[in-house]
Amino acid sequence: CRFFAPGKDFVRFGSQEELLDKVRYYLRQDREREEIARSGREKVSQVYNARNMWGYVFEKMGFGPPDWLTADPSYQTHKEVLDGLRKGNRGRLPSS
């Protein structure tokens, strides 16, 4: 869970009983449940989108990201995205 915070981006559980307790709890807590879902969804889309994944593939192959990718002002390298998450920065969410 390097980038995803328990209770903020997802809900952790350790047993079936704890899972059922949390399901019952979050079914009654609409606002809290929706906020956790929104936060997790935003973080996932920030890291795991087609643009960043292709950039990562090109970086790993030893090529720089292609011009069509870097021409987009919202493009961030995989490292930039992960560094931003480590610092808690969610300001720029690239679209997928």
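Since this is a predicted model, take the numbers as computed values, not measurements.

**Some words on the nonpolar core**
Then comes step 1: One finds Phe3, Val47, Val81, Leu82 and Leu85 forming the largest nonpolar core, which totals five residues.
Then comes step 2: Ranked by residues supplied to this core, first place goes to helix α5 (residues 78-86) with three residues.

**Examining the packing of helix α1 (residues 16-28) against helix α2 (residues 30-47)**
Then comes step 1: The geometry of α1 relative to α2 is characterised by a closest axis approach of 5 Å and an angle of 105 degrees between their N-to-C directions. As summarised for this structure, α1 and α2 are arranged roughly perpendicular, according to the angle between their axes. Taken together, the residues of α2 that come into contact with α1 (itself represented by Tyr25, Tyr26, Leu27 and Arg28) are Asp30, Glu32, Arg33 and Ile36.
Then comes step 2: A per-class count over the contact of α1 with α2 returns four nonpolar, no polar and four charged.

**Here we look at the packing of aromatic side chains**
Then comes step 1: Following the criterion strictly, the structure yields two aromatic pairs and no others.
Then comes step 2: Relative to phenylalanine 58, the ring of tryptophan 54 lies with its centre 6.2 Å away and its plane at 40 degrees, an arrangement referred to as tilted. Of this pair, tryptophan 54 and phenylalanine 58 both sit in helix α3 (residues 50-60), four residues apart, roughly one helical turn.
Then comes step 3: Taking relative accessible area as the criterion, tryptophan 54 reaches 47% and is therefore assigned partly exposed.
Then comes step 4: Sitting above the plane of the phenylalanine 4 ring, lysine 43 keeps its charged end 5.8 Å from the centroid.

**Points about the pattern of salt bridges**
Here the idea is simple: oppositely charged side chains can pair when their charged atoms come close.
Then comes step 1: Taken as a whole, this structure holds six salt bridges when the rule is applied.
Then comes step 2: Taking the shortest distance from any N to any O, the salt bridge between glutamate 35 and arginine 38 comes out at 2.3 Å. In this pair, glutamate 35 and arginine 38 both sit in helix α2, three residues apart, roughly one turn of the helix.
Then comes step 3: Each of the salt bridges in this network shares a partner with another, and the network as a whole consists of Glu35, Arg38 and Glu42.

**Regarding the confidence of the model for the protein**
Then comes step 1: Within the protein, residue pLDDT values average 81, and 88% of them lie at 70 or more.
Then comes step 2: The secondary-structure element of the protein with the lowest mean pLDDT is α5, recorded at 72, while α1 shows the highest, at 97.
Then comes step 3: Below a pLDDT of 50 lies the segment residues 91-96, which in the model reaches 18 contacts outside its immediate sequence neighbourhood of four places, other chains included.

How each quantity is defined
Residues numbered from 1 in each chain as written. Predicted model: local features only at pLDDT ≥ 70, side-chain atom pairs only at ≥ 80, totals over all residues. Heavy atoms only, no water. Core = buried A, V, L, I, M, F, W, Y, C linked by side-chain atoms within 4.5 Å. Buried < 20%, exposed > 50% of the residue type's maximum accessible area, 1.4 Å probe, protein only. Helix = DSSP H or I, 4+ residues; strand = E, 2+ residues; numbered from the N terminus. Axes fitted to C-alpha atoms, helices over the stretch in contact; angles between N-to-C directions. Parallel < 35°, antiparallel > 145°, perpendicular 65-115°, else oblique. Contact = heavy atoms within 4.5 Å. Nonpolar A, V, L, I, M, F, W, Y, C, P; charged D, E, K, R; others polar. Phe/Tyr/Trp six-rings, centres within 6.5 Å; stacked < 30°, edge-to-face > 60°. Lys NZ or Arg CZ within 6 Å of the ring centre and 35° of its normal. Salt bridge = Lys/Arg side-chain N within 4 Å of Asp/Glu carboxyl O. pLDDT = per-residue confidence, 0-100.

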